[in-house]
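Coordinate analysis (summary)
Residues per chain, in single letters:
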Amino acid sequence: MQTLAFLSASSWLFLFLIQVSETSGKSSKINIALKEIVFVIQSQSNSFHSKRAEDLERNILKQAEEFGEELPRVLLIHEMDRHDGAWTILPLMPDFSASYGKNSSWIFFCEEDTRIQIVKLLETLRRFDKSEEWFLGKALYDEESTIIHHYAFAENPTVFKFPDFAAGWALSIPLVNKLAKKLKSEPLKSDFTIDLKHEIALYIWQKGNGQQLTPVPEFCTDDLNSYKAVRCATMFSNSLPLCGNPVKKEDIFVAVKTCQKFHRDRIPIVKQTWEGEAALVEYYSDYAETSIPTIDLGVPNTERGHCGKTFAILERFFNHNSSKTPWLVIVDDDTLISIFRLRKLLSCYDPNEPVFLGERYGYGLGTGGYSYITGGGGMVFSREAIKKLLTSKCQCYSDDAPDDMVLGMCFSGLGIPITHSPLFHQARPMDYPKGYLAHQIPISFHKHWNIDPVKVYFTWLAPKMEDSFNEEKQRHIREDL
């Protein structure tokens, strides 16, 4: 597994005190109570992710110990997960309020790859009156209204700001207490969770009656090695995870869902873009066409859902793949994906575990529902996950049931957690804030609406772009899309 690189607290303290002396001329002695902050790491139960979260927890506590203060509380979301909706954060507010509402000042949330400079974070939070309601973070915004945000603020989407979780975000305890009180009297609706950071900001905003996000420049997503790091309380690891050698091409089987009406316009795009990256690819359709070739699974095409087709693919892979390929990826015919990067990412996962990986959505999580991997960005299965699914009694209730949601229900019933990666995308690049994509090395995008999909692939996903992916020149190319 990848070794996490951190500067020691003493190194950060030295850099920070130099900065303070240079910019303020004030005394370098800083008196801050670490115990007033509750750190919440947005962790996952998969062994790779839990290990990274535990590494971050240890670093936070080590910095605190070196600083000589009473140690803060550090919580891992996956260890608090009494129900499947803990990752959506809001259902936890009553617990946060009850446990920390009287003896803490801030709840600070971060991802497992967020890097925190404790001294700078404490000094940053000191600028805000802890007795007031605060919602702090690095601000993202939509430049155009987008389907993933239900076209919110269509007249001017730039006016609404929401936090980049990678930079960390914070709620003052008075705001946590207020949210907890509201949630007790008005439980969350049974609805979809699509983009959590946007939906949390909407809930806190309360249609203009609540708190807006306050941008904090010290909450950063600059890379650890950036010259800007000294000014940041938080940073982010911008590299693609790699744990040893990339998975072999022959260890990933890619199944493409298609139908006859898309054979002429969508399949050629796949062949022009990512098909050459994959060693094992099959196209599953409602019509066998030898020139592609496509395989007719005997499941009629449906306008929506495709559950029958997806389960037929799973059964074919598990029962007829004699090579016992450890990984299966199911994509739509209008999914753009980097198999090259996926091979690196999968090096960090154990195929002997039941892994179901992709972009996580949720349904009805405020009232107990379930999480699922949204299909358009690509669904990745370990063979072990498919084995457990097929040996259970869980199946489609109809051929046109939503396959991704049925799979989510099935795995939830089996106690197999969804594993989320923000590198898979259900929509197009322009549907996401530029600031959000700027610190990503994406694995997939979805949909061909009003774009040149070949250009999108070669701009964002093609292997030849790998070495220069983070260069400023490449960033300008993206901005033109």
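Residues numbered from 1 in each chain as written. Predicted model: local features only at pLDDT ≥ 70, side-chain atom pairs only at ≥ 80, totals over all residues. Heavy atoms only, no water.

1. Topic: the packing of aromatic side chains
- Following the criterion strictly, the structure yields 22 aromatic pairs and no others.
- Geometrically, the ring pair formed by F153 and F160 is stacked, given 4.7 Å between the ring centres and 10 degrees between the ring planes.
- Assessed through its relative accessible area of 23%, F153 is described here as partly exposed.
- A relative accessible area of 6% places F160 in the buried class.
- Here a set of aromatic residues connected by ring pairs shows up, and it is made of F96, F109, F135, F165 and W169. (Phe/Tyr/Trp six-rings, centres within 6.5 Å; stacked < 30°, edge-to-face > 60°. Buried < 20%, exposed > 50% of the residue type's maximum accessible area, 1.4 Å probe, protein only.)

2. A word on the packing of helix α8 (residues 307-320) against helix α11 (residues 403-413)
- Where α8 contacts α11, the axes come no closer than 8 Å and their chain directions differ by 60 degrees. Comparing their axes, α11 and α8 come out oblique. Residues C307, T310, F311 and L314 of α8 lie in contact with α11, whose contacting residues are D403, V406, L407 and C410.
- For the contact of α8 with α11, the per-class residue count stands at 6 nonpolar, 1 polar and 1 charged. (Axes fitted to C-alpha atoms, helices over the stretch in contact; angles between N-to-C directions. Helix = DSSP H or I, 4+ residues; strand = E, 2+ residues; numbered from the N terminus. Parallel < 35°, antiparallel > 145°, perpendicular 65-115°, else oblique. Contact = heavy atoms within 4.5 Å. Nonpolar A, V, L, I, M, F, W, Y, C, P; charged D, E, K, R; others polar.)

3. Examining a nonpolar patch on the surface
- Taken together, I147, Y151 and W449 make up a surface patch of nonpolar side chains, about 320 Å² in accessible area.
- Positionally, Y151 belongs in the loop between β6 (139-140) and β7 (162-163).
- With relative accessibility at 46%, the residue Y151 sits in the partly exposed group. (Patch = residues over 30% accessible without salt bridge, like charges linked within 9 Å, V, L, I, M, F, W, Y side chains within 5 Å. Areas by Shrake-Rupley, 256 points an atom, 1.4 Å probe, with all protein chains shown as cover. Salt bridge = Lys/Arg side-chain N within 4 Å of Asp/Glu carboxyl O.)

4. Here we look at the confidence of the model for the protein
- Model confidence for the protein is summarised by a mean pLDDT of 89, while 89% of its residues fall at 70 or above.
- Below pLDDT 50 for its whole length, residues 1-7 participates in 21 contacts with residues either more than four positions away or in separate chains.
- A low-confidence stretch, residues 12-31 stays under pLDDT 50, and its non-local contacts, those more than four residues away or across chains, total 26 contacts. (pLDDT = per-residue confidence, 0-100.)

5. Comments concerning the side chain of Q42
- With respect to the helices, strands and loops of the structure, Q42 is situated in the loop between β1 (37-41) and α2 (47-67).
- Reaching out from Q42, the side chain makes a polar contact with the side chain of W169 at a distance of 3.0 Å.
- Beyond its immediate stretch of four places on either side in the chain, Q42 contacts I77, I89, F109, C110, F165 and W169. (Polar contact = N/O pair within 3.5 Å; in protein donor to acceptor, adjacent residues only side chain to side chain.)

6. A closer look at the sheet that holds strand β10 (residues 214-215)
- As summarised here, the arrangement of the 6 strands in space is β2-β1-β3-β8-β5-β10, forming an open sheet in which the pairing is mixed. The two strands at the open ends of the sheet, each matched to only one other strand, are β2 (73-76) and β10.
- As defined by bridge partners, strand β5 (residues 135-137) adjoins strand β8 (residues 169-172) across 3 bridges and the pair is classed as antiparallel. Paired with L136 across the bridge in β8 is A170.
- Contacts between α2 and the sheet are confined to β1, β2 and β3 (106-110), with β2 contributing the most and set at about 175 degrees to the helix. (Pairing = 2+ DSSP bridges.)

7. Description of the state of the cysteines
- Evaluation of the coordinates by the stated rule reveals 4 disulfides.
- In this model C307 forms its disulfide with C396; the gap between the sulfur atoms is 2.1 Å. Taking the sign of the S-S torsion, about -85 degrees here, the bridge from C307 to C396 comes out left-handed. Of the two residues, C307 is situated in helix α8 and C396 in the loop between α10 (383-391) and α11; the sequence distance between them amounts to 89 residues. For the pair formed by C307 and C396, the shared burial category is buried.
- Each sulfur of the disulfide joining C394 and C410 lies 1.9 Å from the other. Negative torsions about the S-S bond denote left-handed disulfides, and the value of about -80 degrees found for C394 with C410 makes this one left-handed. Of this pair, C394 sits in the loop between α10 and α11 while C410 sits in helix α11; the two residues are 16 residues apart in sequence, bridging distant segments of the chain.
- When its relative accessible area of 2% is taken as the criterion, C410 is described as buried. (Disulfide = S-S within 2.5 Å.)

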